[in-house]
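Listed here are the chains, written in short residue letters.
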Amino acid sequence: MFTRPGLSFLGSLGLLTLAVVLSGCRGNTSREPPVHLNPNMDIQDKYKPYRKSTFFTDGRSMRKPPTGTVARGQLRANTSLHCGKENSNDCASKDNVTYIEKLPIPLTLETMKRGRDRYNIYCAPCHAKDGFGGGKVALRSMDLEGVQAIKPPTFHSTRLGKMPVGEIYHTIAYGSKSGAMYGYRHQITDVNDRWAIVAYIRALQRSQDASASMYVKPKPAPPVEPVPTGTDGVAIPAGDGAMNGAEGGTPEGQTAPAKPAAPTPANAAPAAQPVAAPAVKPVAAPAPAAKPVAAPAPAAKPAAPAKIETK
Ligand code: HEC
């Protein structure tokens, strides 16, 4: 008689307990490890980052690697390549250093293209695409600060023309000596990219500062018909710099006619005036498919030097 209601009471109590136990503390977070009946090696003592340690005397759980430790794949034994210096294992220092004078990577058309690409991204905002230093950031800082503004120097000065490639490299990586230009090693992480930029700066310098002695007489080309103004692929739009000479018409490795120094910064902006070069003869390109370009044609520009030397 008593048993029935008693059982059902106990039964529902049991069900209730089971429900509470099963639903547990879902949704609540806890720093305590869960109940783990057979821990094996699932749970081990360890330090979490930045936690205090009572074991080490300096109280830090995070340990410094021993001095001289090199991460895999990050050994920088080649100081020329990584620092731009002769025999120096202090990459950052600018004191008492001998910068290398010769590019430590092979100079290929690919390198030059990569250099132009990286230069236009990382350097042109200040140094300008033509290297004269009138980039947008520089102009803006002159607007804001007037004479106080620190201007990027032109790459077409004698001083920077003679600056060893290693020092240009070092400026890219660690900034200028005075610190007014910050280093770009964290943005341009690949050393080959930094060297590609150096190579491209040398080409920029050549594009503006060519001397008459650098002029290489073009080989006579077979007679061809003149082309109407800029209608075919031969015409090179102003503003695209020396590289186009190499791409359009001259096989890689072959010497193209050097462009005499232009009176204006020819590759400044896409809107730049075509270089009116009265002294320049129509370009006789050595490639058989190429045709001469009429010199004063608007938007056309004589082919620029394809041969780039870095010392
Ligand atoms: C934010 C603007 C800015 C950018 C971007 C910039 N520069 Fe500069 N650069 C300057 C200024 C300003 C100076 C002048 C610094 C000085 O006088 O110390 C300078 C100076 C230099 C110099 C001459 C250093 C010397 O010792 O006289 C070189 C070479 C140079 N930059 C190369 C580069 C290259 C290559 C890049 C691209 C990777 C680059 N800069 C990007 C602003 C910039």
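Residues numbered from 1 in each chain as written. Predicted model: local features only at pLDDT ≥ 70, side-chain atom pairs only at ≥ 80, totals over all residues.

A. Inspection of the overall build of the protein at higher detail. Counting its secondary structure elements, the protein contains nine helices and zero strands. In the protein, the order of α-helices and β-strands from amino to carboxyl end is α-α-α-α-α-α-α-α-α. The burial tally for the protein puts 25% of its 311 residues in the buried class. Considering only contacts within the protein whose residues lie at least 6 apart along the sequence, 66% involve residues at least 24 apart. (Helix = DSSP H or I, 4+ residues; strand = E, 2+ residues; numbered from the N terminus. Buried ≥ 20, exposed ≤ 12 C-beta atoms within 10 Å, placed from the backbone. Contact = placed C-beta atoms within 7 Å.)

B. Focus on the site of the ligand. Around the ligand, a shell composed of 20 residues is seen, among which C123, C126, S176, S178 and M181 lie nearest. Looking at the shell around the ligand, the elements with two or more residues in it are α4 (124-127), α7 (165-174) and α8 (191-209). Looking at the shell around the ligand, its residues break down into 15 nonpolar, four polar and one charged. (Near = placed C-beta within 6 Å. Nonpolar A, V, L, I, M, F, W, Y, C, P; charged D, E, K, R; others polar.)

C. Expanded view of helix α3 (residues 109-122). The end-to-end C-alpha separation of α3 is 20 Å, in line with the 20 Å expected for 14 residues at 1.5 Å each. Along α3, the residues that are buried comprise T111, M112, G115, R116, R118 and Y119. (Expected span 1.5 Å × (residues − 1).)

D. Spotlight on unusual backbone geometry. At N87, a position not held by glycine, the phi torsion is positive, near 40°. For N87, the position within the fold is in the loop between α2 (79-83) and α3. Phi is positive for N96, close to 45°, though the residue is something other than glycine. With respect to the secondary-structure elements, N96 resides in the loop between α2 and α3.

E. Quick peek at the packing of α7 against α8. Between α7 and α8, the least distance of the axes is 9 Å, while the angle of their chain directions is 125°. The angle between α7 and α8 falls in the class oblique. Crossing hand, α7 versus α8: right-handed. On α8, the residues touching V165, I168, Y169, I172 and A173 of α7 are R194, W195, I197, V198 and I201. (Axes fitted to C-alpha atoms, helices over the stretch in contact; angles between N-to-C directions. Parallel < 35°, antiparallel > 145°, perpendicular 65-115°, else oblique. Left-handed = near helix turned anticlockwise from the far one by under 90°.)

F. Focus on the confidence of the model for the protein. Summary statistics for the protein give a mean pLDDT of 77 and a share of 68% for residues scoring 70 or more. Within the protein, helix α9 (residues 243-247) has the poorest average pLDDT of any element, 42, and α3 the best, 98. (pLDDT = per-residue confidence, 0-100.)

G. Seen up close, the environment of I172. Of note, I172 is situated in helix α7. With 26 C-beta atoms counted inside 10 Å, the residue I172 sits in the buried group. The contact partners of I172, leaving out residues within four places of it in the chain, are Y184, I188, R194 and I197.

H. Representation of α7 in the model. Within α7, nine of the 10 residues are buried, which leaves the element mostly enclosed by the surrounding structure. Within α7, the full set of buried residues consists of V165, G166, E167, I168, Y169, H170, T171, I172 and Y174. Where α7 is buried, its residues contact α2 and α8. Count one or two residues on from α7 and you reach G175, which has phi positive near 90°.

I. Main features of the nonpolar core. If you look at the biggest cluster of nonpolar residues, it comprises 19 residues, and the most contacted ones within it are W195, I197, V198, A199, Y200 and I201. Those elements giving two or more residues to this core turn out to be α3, α7 and α8. Considering each element in turn, this core owes the most residues, 10 residues, to α8. Excluding residues within four positions of it along the chain, W195 makes contact with L103, P104, I105 and Y169. (Core = buried A, V, L, I, M, F, W, Y, C linked by C-beta atoms within 7 Å.)

J. The arrangement of the packing of α3 against α8 in detail. Axis separation between α3 and α8 bottoms out at 7 Å; the angle between their running directions is 90°. Accordingly, the angle class assigned to the pair α3 and α8 is roughly perpendicular. Facing T111, M112, R114, G115, R116, R118 and Y119 of α3, the residues of α8 in contact are D193, A196, I197, A199, Y200, I201 and A203. Here the contact of α3 with α8 is composed, by residue class, of eight nonpolar, two polar and four charged.

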